[in-house]
Amino acid sequence: MNDPDCIFCKIISGRIPSTKLYEDADVLAFMDIGPIVKGHALVVPKAHYDPLSQTPDDVLAKVIAVVRRIAQAQQEGLGADGVNIHQANGAVAGQVVPHLHFHVVPRFKHDGHHWNWTPHPYADLSEAAALADRIKAALSR
Ligand code: 5GP
Ligand code: ZN
């Protein structure tokens, strides 16, 4: 399954060059061309799936296993002190390339990167509970 207009499908098929880290029959890991921290990698299924919610569990299991291996290799190979995993769904979430991908970002003391993570507290516990009820209702459908 391949989308001829998808930039990651082009990378997977070799039509666009990339710096590969790992590949097997189902999964490719390669260096992100615009790293937020140097060593930043992307892990993708070779088949074109998007978004996360439409991706089969068995594909996800294979992809996340490679995410874990890349994170471990960044720590062992680059001396990273930690790793962030990031995965965006939809333009509103900052997704640019609509082919499922996990960002694996090595983190170093004093790497200068900061997530813009500002808490927006609930007015009270009932506001959180009402949202939880809607999520749980969707889970049970
Ligand atoms: P998104 O914003 O969709 O979560 O992330 C897309 C990522 O793909 C970005 O971090 C961007 O730097 C990376 N990217 C886009 N085009 C290319 C490319 O041609 N080659 C590589 N290696 N990475 C790319
Ligand atoms: Zn694709």
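As shown above, the structure is provided for reference.
Residues numbered from 1 in each chain as written. Chains lettered and ligands numbered in written order. Predicted model: local features only at pLDDT ≥ 70, side-chain atom pairs only at ≥ 80, totals over all residues. Heavy atoms only, no water.

Q: Tell me what's going on with the overall build of the chain, and back it up with residues and numbers.
A: A tally of regular secondary structure across the chain gives three helices and five strands. The principal-axis extent of the C-alpha atoms belonging to the chain is close to 50 × 40 × 25 Å. Out of the 141 residues belonging to the chain, those deemed buried represent 32%. Across the chain, the fraction of contacts at a sequence separation of at least 24, relative to all contacts at a separation of at least 6, is 55%. Put simply, the chain shows about 9,200 Å² of open surface, and 58% of that area lies on carbon and sulfur atoms. Of the side chains in the chain, 13 bear a positive and 15 a negative charge, and the two mean positions are spaced by 3 Å. (Helix = DSSP H or I, 4+ residues; strand = E, 2+ residues; numbered from the N terminus. Buried < 20%, exposed > 50% of the residue type's maximum accessible area, 1.4 Å probe, protein only. Contact = heavy atoms within 4.5 Å. Areas by Shrake-Rupley, 256 points an atom, 1.4 Å probe, with all protein chains shown as cover. Lys, Arg positive; Asp, Glu negative; His and termini not counted. Charge placed at Lys NZ, Arg CZ, Asp CG, Glu CD.)

Q: Report on the sheet that holds strand 4 (residues 82–86), specifying residues and quantitative values.
A: Across the sheet, which stays open at both edges, the five strands sit in the order 1-2-3-5-4 with antiparallel pairing between neighbours. The outermost strands of the open sheet, each flanked by one partner alone, are strand 1 (20–23) and strand 4. For this sheet the average axis-to-axis angle between neighbouring strands, irrespective of direction, equals 20°. Relative to strand 3 (residues 41–45), strand 2 (residues 27–31) runs antiparallel, the two sharing five bridges. In the sheet register, phenylalanine 30 faces strand 3, and the bridge partner there is leucine 42. (Pairing = 2+ DSSP bridges. Axes fitted to C-alpha atoms, helices over the stretch in contact; angles between N-to-C directions.)

Q: For a nonpolar patch on the surface, give the residues involved together with the corresponding values.
A: A cluster of nonpolar residues, Ile36, Trp115 and Trp117, forms a patch on the protein surface that exposes about 390 Å² of accessible area. Judged by relative accessible area, tryptophan 117 falls into the exposed class, the value being 74%. (Patch = residues over 30% accessible without salt bridge, like charges linked within 9 Å, V, L, I, M, F, W, Y side chains within 5 Å. Salt bridge = Lys/Arg side-chain N within 4 Å of Asp/Glu carboxyl O.)

Q: Quick one: what's the story with the side chain of aspartate 32, residue by residue and with numbers?
A: Within the element layout of this structure, aspartate 32 appears in the loop between strand 2 and strand 3. Within the buried set, aspartate 32 has no salt-bridge partner at all; the shortest N-O distance to an opposite charge, 13 Å, is to lysine 38. From its side chain, aspartate 32 meets the backbone nitrogen of glycine 34 in a polar contact 2.7 Å long. What aspartate 32 contacts, discounting residues up to four positions off in sequence, is His40, Ala41, Leu42 and His103. (Polar contact = N/O pair within 3.5 Å; in protein donor to acceptor, adjacent residues only side chain to side chain.)

Q: For the packing of aromatic side chains, give the residues involved together with the corresponding values.
A: In total, this model carries one aromatic pair according to the counting rule given. Between phenylalanine 8 and phenylalanine 30 the ring centres are 5.5 Å apart and the planes differ by 80°, which places this aromatic pair in the edge-to-face class. Of this pair, phenylalanine 8 sits in helix 1 (residues 7–13) while phenylalanine 30 sits in strand 2, and the two are 22 residues apart along the sequence. (Phe/Tyr/Trp six-rings, centres within 6.5 Å; stacked < 30°, edge-to-face > 60°.)

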